[in-house]
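Examining the three-dimensional arrangement
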Amino acid sequence: DTAVSQTPKYLVTQMGNDKSIKCEQNLGHDTMYWYKQDSKKFLKIMFSYNNKELIINETVPNRFSPKSPDKAHLNLHINSLELGDSAVYFCASSQGEGEAEQFFGPGTRLTVL
Amino acid sequence: GQSLEQPSEVTAVEGAIVQINCTYQTSGFYGLSWYQQHDGGAPTFLSYNALDGLEETGRFSSFLSRSDSYGYLLLQELQMKDSASYFCAVKMRDTGFQKLVFGTGTRLLVSP
């Protein structure tokens, strides 16, 4: 059973397009996250949701809009994609807010051409 | 703000012991986590230190000194499969909420 799953695994698209990434966790966790890992492997938090409520928004451009329809799901929609958005996006979950142990999904490699 | 420093790369041979250091500067500090990430894979949790001292989990141990803002991950009896990137991450409170802030990662190369 996959604990944290993401779709799609790969996403190749043109500048200016809009795309979405979906994430689901079956661990019963209250908190979910989106992280961005750039080409230098720097892993940075973007958003955190606790019980469907947005609690952390790390100065991410408003072209990025997360949505949590329920505790088990966290989606990320990106408008007007730019070259600099190319990265690996990881969804993660933890039992509570900001826990030291977080469970990461397999990642979505986004390439913007 | 916060900052974490780790060596960018460490090399070692199978069977050896390697130590990956992490120094940090942050306010609202709760503790230090370590994660492993293989190429093309997801970060996976290894350990967490909230208190000073050494925590041992099998071949891996992690140490924290809060007064020195310093920690390390110790890997013993290295195996080829330990070749990966290792990230330290501070658990901290910022604007009322807790979060993990990751270091830049240390690439460990284990050779035969």
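Quick note: structure is the one above.
These figures come from a predicted structure and were not determined experimentally.

**Examining the packing of aromatic side chains**
Residues and elements named next belong to chain A. According to the stated counting rule, one finds 14 aromatic pairs over all chains in the structure shown. Considering the side-chain rings of Phe64 and Tyr89, the 6.3 Å spacing of their centres and the 35° angle between planes classify their relative orientation as tilted. Of this pair, Phe64 sits in strand S7 (residues 64-70) while Tyr89 sits in strand S9 (residues 87-94), placing them 25 residues apart in sequence. With a relative accessible area of 7%, Phe64 lands in the buried category.

**Remarks on the pairing of strand S5 (residues 44-49) of chain B**
Residues and elements named next belong to chain B. Pairing analysis gives five bridges linking strand S4 (residues 29-37) to S5, with the strands arranged antiparallel. Opposite Trp34, over in S5, you have Ser47 as the bridge partner. In this structure, the hairpin formed by S4 and S5 is closed by a connection of six residues, where Gly40 is found at a positive phi of approximately 80°.

**Some thoughts on the state of the cysteines**
The final tally for this structure, using the stated rule, is two disulfides over all chains. Here Cys23 of chain A connects covalently by a disulfide to Cys91 of chain A, the sulfurs 1.9 Å from one another. Residues Cys23 of chain A and Cys91 of chain A share a disulfide whose torsion about the S-S bond is about -75°; that sign makes it left-handed. Placement of the pair is Cys23 of chain A in strand S3 (residues 19-25) and Cys91 of chain A in strand S9, with a sequence separation of 68 residues. Here Cys23 of chain A matches Cys91 of chain A in class, with each residue buried. Paired through a disulfide, Cys22 of chain B and Cys88 of chain B show a sulfur-sulfur distance of 2.1 Å. Disulfide Cys22 of chain B-Cys88 of chain B: the torsion about the S-S bond is 70°, which places it as right-handed. Here Cys22 of chain B is found in strand S3 (residues 18-25), whereas its partner Cys88 of chain B is found in strand S9 (residues 84-94), with 66 residues between them in sequence.

**Some details on the layout of surface pockets**
Volume-wise, the largest pocket comes out at about 290 Å³. Considering the residues around the largest pocket, the lining is formed by 19 residues, among which Gln37, Val88, Phe90 and Arg109 of chain A together with Gly40 of chain B are closest to the centre. Ranked by the residues each element gives to the lining of the largest pocket, the list is headed by S9 of chain A, at three residues. Here the lining of the largest pocket is built from residues that sort into five nonpolar, nine polar and five charged.

**Points about the sheet that holds strand S6 (residues 53-57) of chain B**
Residue and element names in this part refer to chain B. Ordered by their spatial adjacency, five strands build an open sheet running S1-S3-S8-S7-S6, and the pairing between neighbours is antiparallel. At either margin of the open sheet sits one strand with a lone partner, and together these are strand S1 (3-5) and S6. Going from strand to strand, the sheet's axes swing by 15° on average, the running direction of each strand aside. Sheet topology places S1 next to S3; three bridges connect them, and they run antiparallel. Bridging across to S3, Glu5 finds its partner in Thr23.

So, how was this worked out
Residues numbered from 1 in each chain as written. Chains lettered and ligands numbered in written order. Predicted model: local features only at pLDDT ≥ 70, side-chain atom pairs only at ≥ 80, totals over all residues. Heavy atoms only, no water. Phe/Tyr/Trp six-rings, centres within 6.5 Å; stacked < 30°, edge-to-face > 60°. Helix = DSSP H or I, 4+ residues; strand = E, 2+ residues; numbered from the N terminus. Buried < 20%, exposed > 50% of the residue type's maximum accessible area, 1.4 Å probe, protein only. Pairing = 2+ DSSP bridges. Disulfide = S-S within 2.5 Å. 1 Å grid on protein atoms, 1.4 Å probe; cavity = no way out; pocket = protein on both sides within 12 Å on 5 of 7 lines; lining within 4 Å. Points joined across faces, edges and corners; volume = space filled by probe spheres on them. Nonpolar A, V, L, I, M, F, W, Y, C, P; charged D, E, K, R; others polar. Axes fitted to C-alpha atoms, helices over the stretch in contact; angles between N-to-C directions.

Treat this as a map of the structure, not an account of what it does.
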